[in-house]
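# Tertiary structure, described
Chain by chain, the residues run as shown.
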Amino acid sequence: MPMTDSFKNRLFPVLPEIVDHFQTPFHIYDETGIRETGQSLKKVFSAVDGFKEFFAVKALPNPFILSIMKDMGFGFDCSSIPELVLSRRIGARGEELMFTSNNTTVEDFKAAMENGGCILNLDDITLIEKLPAIPELISFRYNPGHRRSGNAIIGNPVEAKYGVSHDQILDAYKKMKALGAERFGLHTMLVSNELNYEYMVETAKMLLDMIEWLSGELGIPFEFINIGGGLGIPYRPEDKPLNIEAMGRKVTKLFGAFKAEHGDVPKLYMESGRYMSGPHGVLVTKAINHKDIYRKYIGVDACMSALMRPGMYGAYHHIDVLGKDLIESPAETVDVVGSLCENIDKFAVERTLPKIDTGDILVIQDTGAHGHAMGFNYNAKLRPQELLLRSDGTVERIRREETMDDYFATLNFEKKIITPKND
């Protein structure tokens, strides 16, 4: 969505000085915005006993950001061992961590269960036999199949590689109970970047119905349901934001009705990443080239390796030209492009923007989630630095830019050669 006026008013007046000091390109994140969103999320679900947000580390895996999340009392949703290690490095332990992986190895499970363990969330019934021990708290990722629809990013449930199918879910919990497991939860993740709050309410109801059925069949209690992530943000100016307040009211009502009927109620967990940090980050880049052929191209000093969502998903990211607007400045229709040897290396396609001159600063919005995190090194492109605009107005570098030494580091290794035996 368009940057908040608060973020703009604090960033734009000092951005030339920040650019002069740190040089472009860089992602910069807004501590104030992240904290305000976090406090709002907690307030909306405050009437649900045991509500907890587990920040999706994959969205923005930086320890400075994770420390802000931990300070707000959030846990961490991890999908790999490095994400678990990163979360543990900032002090998260045990049930502050949820490990939701897929296509998981025995070695991954061993690492996940070390150093105080975590909540283990299994993606498949066959993974039970890979567990090195019985987890303290276990859940399964439920895939309802044709019973629900999905969306373009994560796919329809029947097409998605994730989760335990409906006809397997009862057996999955039955097996864990037989192995001696005593504490259980239930998880699902059906959509990504969803702006319809009713869908998320329906997901909460689906999981409450599921644990009612599973508890009745197996006689096991459920400590939590986790409705996953998927809370969306309005990337386009015309998009309406997710009505989180209405979602909170309806979910709270569901939990109240469940408690009235059953005498107790599970905790509510979610694992928002994009919603928490997405709107509170921008990619700052400089116009360095102009090209006029069949279209007009504005070349900038960032490329798709710093933000791949437009190329990968055709995603829209709003762009400001610092110091210019469409009301007072002449306009032109351009493609904003990077230097990667791929034609999809475009931040904007046929976008009407204020006329851009060489040296102008472009602010590409909503890069606080799945921006730097999805970076890559094709064409030997190096990922940019990350900065944090602190609540006290200071600007801190929280990740340096990659260097050629970083790129070549994996070519420094102990030589190993084998001669295979051809029996």
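A brief structural summary. All values derive from a computational prediction rather than experimental measurement.

Within strand 6 (residues 138-143), six of the six residues are buried, which leaves the element mostly enclosed by the surrounding structure. On strand 6, burial covers both faces: Ile 138, Phe 140 and Tyr 142 on one face and Ser 139, Arg 141 and Asn 143 on the other are all buried. Here strand 5 (residues 118-122) runs beside strand 6; their pairing, made up of three bridges, is parallel. Across the sheet, residue Leu 120 finds its bridge partner in strand 6, namely Ile 138. Inspection of the sheet shows strand 6 paired to strand 8 (residues 184-187) by four bridges, in the parallel sense. Within strand 8, the residue paired with Phe 140 across the bridge is Leu 186.

Bringing the environment of Asp 77 into the picture now. By the secondary structure assignment, Asp 77 is in strand 3 (residues 75-78). In contact with Asp 77, other than residues within four places in its own chain, are Phe 54, Phe 55, Ala 56, Val 57, Lys 58, Glu 83, Met 98, Thr 100 and Glu 271.

Interaxial distance between helix 7 (residues 166-178) and helix 8 (residues 197-218) falls to 11 Å at its minimum, and their mutual angle equals 50°. For the element pair helix 7 / helix 8, the angle class is oblique. Judged by the sense of rotation from one axis to the other, the crossing of helix 7 with helix 8 is right-handed. Contacts between helix 7 and helix 8 pair His 166, Ile 169, Leu 170, Tyr 173, Lys 174 and Lys 177 from the former with Met 210, Trp 213, Leu 214, Glu 217 and Leu 218 from the latter. Partitioned by chemical class, the residues of the contact of helix 7 with helix 8 number seven nonpolar, one polar and three charged.

Turning next to the side chain of Glu 271. Here Glu 271 is to be found in the loop between strand 10 (267-270) and helix 10 (274-277). Lys 58 is the oppositely charged side chain nearest to the buried, salt-bridge-free Glu 271, at an N-O distance of 5.4 Å. A distance of 3.2 Å separates polar atoms of two side chains, one belonging to Glu 271 and the other to Asn 226.

Turning our eyes to something else, we now look at the packing of helix 8 against helix 9 (residues 244-262). The relative placement of two packed helices is expressed as an angle between their axes plus a distance between the axes. Between helix 8 and helix 9, the shortest axis-to-axis distance is 9 Å and the interhelical angle comes to 15°. By the angle between their axes, helix 8 is roughly parallel relative to helix 9. Remark: the crossing between helix 8 and helix 9 carries right-handed chirality. Note on element contacts: helix 9 touches helix 8 through Ala 246, Met 247, Lys 250, Val 251, Leu 254, Phe 255, Phe 258, Glu 261 and His 262, opposite Tyr 197, Glu 198, Met 200, Val 201, Ala 204, Lys 205, Leu 208, Ile 211 and Glu 212. Within the contact of helix 8 with helix 9, the residues separate by chemical class into 12 nonpolar, one polar and five charged.

The next thing to look at is the environment of Leu 15. Position of Leu 15 relative to the elements: it lies in helix 2 (residues 15-22). Assessed through its relative accessible area of 0%, Leu 15 is described here as buried. Not counting residues within four places of it along the chain, the set of residues in contact with Leu 15 comprises Phe 26, Val 284, Leu 322, Ile 361 and Val 363.

Attention shifts here to the packing of aromatic side chains. Summed over the entire model, instances satisfying the criterion amount to eight aromatic pairs. Taking the centre distance of 4.9 Å and the plane angle of 55° together, the rings of Phe 54 and Tyr 269 count as tilted. Here the residue Phe 54 occupies a position in strand 2 (residues 52-56), and Tyr 269 occupies one in strand 10, the gap between them amounting to 215 residues. Among the residues examined, Phe 54 registers a relative accessible area of 0% and is labelled buried. Ring centres of Tyr 173 and Phe 222 lie 5.2 Å apart, and the angle between their planes is 65°; this geometry places the pair in the edge-to-face category. Of this pair, Tyr 173 sits in helix 7 while Phe 222 sits in the loop between helix 8 and strand 9 (224-226), and the two are 49 residues apart along the sequence. Each member of the pair, Tyr 173 as well as Phe 222, is classed as buried. Among the aromatic residues, those joined into a ring-pair cluster are Phe 140, Tyr 173, Phe 184 and Phe 222.

Calculation rules
- Numbering of residues starts from 1 in every chain and runs along the sequence as written.
- Where local features are concerned, this predicted model is filtered to residues with pLDDT of at least 70; where side-chain atom pairs are given and counted, the filter is 80 or more; whole-chain, interface and lining totals use all residues.
- Think of the side-chain values as coming from all heavy atoms in the structure, minus any hydrogens and water.
- Burial here depends on accessible area, computed with a 1.4 Å probe over protein chains only, as a share of the maximum for the residue type. Under 20% is buried, over 50% is exposed, and the range in between is partly exposed.
- Secondary structure elements are defined from DSSP: runs of H or I of at least 4 residues count as helices, runs of E of at least 2 residues count as strands, and each element is numbered from the N terminus.
- Criterion used throughout: strands pair if DSSP finds at least two bridges between them.
- Only heavy atoms matter for contacts: two residues are in contact if any of them lie within 4.5 Å across the pair.
- Axis lines are fitted to C-alpha atoms, over the contacting stretch for helices. Their N-to-C directions set the angle, which ranges from 0 to 180 degrees.
- Any angle from 65 to 115 degrees is called roughly perpendicular, while one under 35 is roughly parallel, one over 145 is roughly antiparallel, and all others are oblique.
- Rotating anticlockwise by less than a right angle from the far helix to the near helix defines a left-handed crossing, while the corresponding clockwise rotation defines a right-handed one.
- When residues are sorted by character, Ala, Val, Leu, Ile, Met, Phe, Trp, Tyr, Cys and Pro go into the nonpolar class, Asp, Glu, Lys and Arg into the charged class, and all the rest, Gly among them, into the polar class.
- Note that His is not counted, nor are the chain ends; the positive residues are Lys and Arg, and the negative ones are Asp and Glu.
- Salt bridges are defined as contacts in which a side-chain nitrogen from Lys or Arg sits within 4 Å of a carboxyl oxygen from Asp or Glu.
- Two N or O atoms form a polar contact when they lie within 3.5 Å of each other; inside protein one atom must be a possible hydrogen donor and the other a possible acceptor, and for residues adjacent in sequence the pair counts only when both atoms belong to side chains.
- Paired rings are identified among Phe, Tyr and Trp, the last through its six-membered ring, by centres lying within 6.5 Å, and are further divided according to the angle between planes into stacked (under 30 degrees), edge-to-face (over 60) and tilted (the rest).

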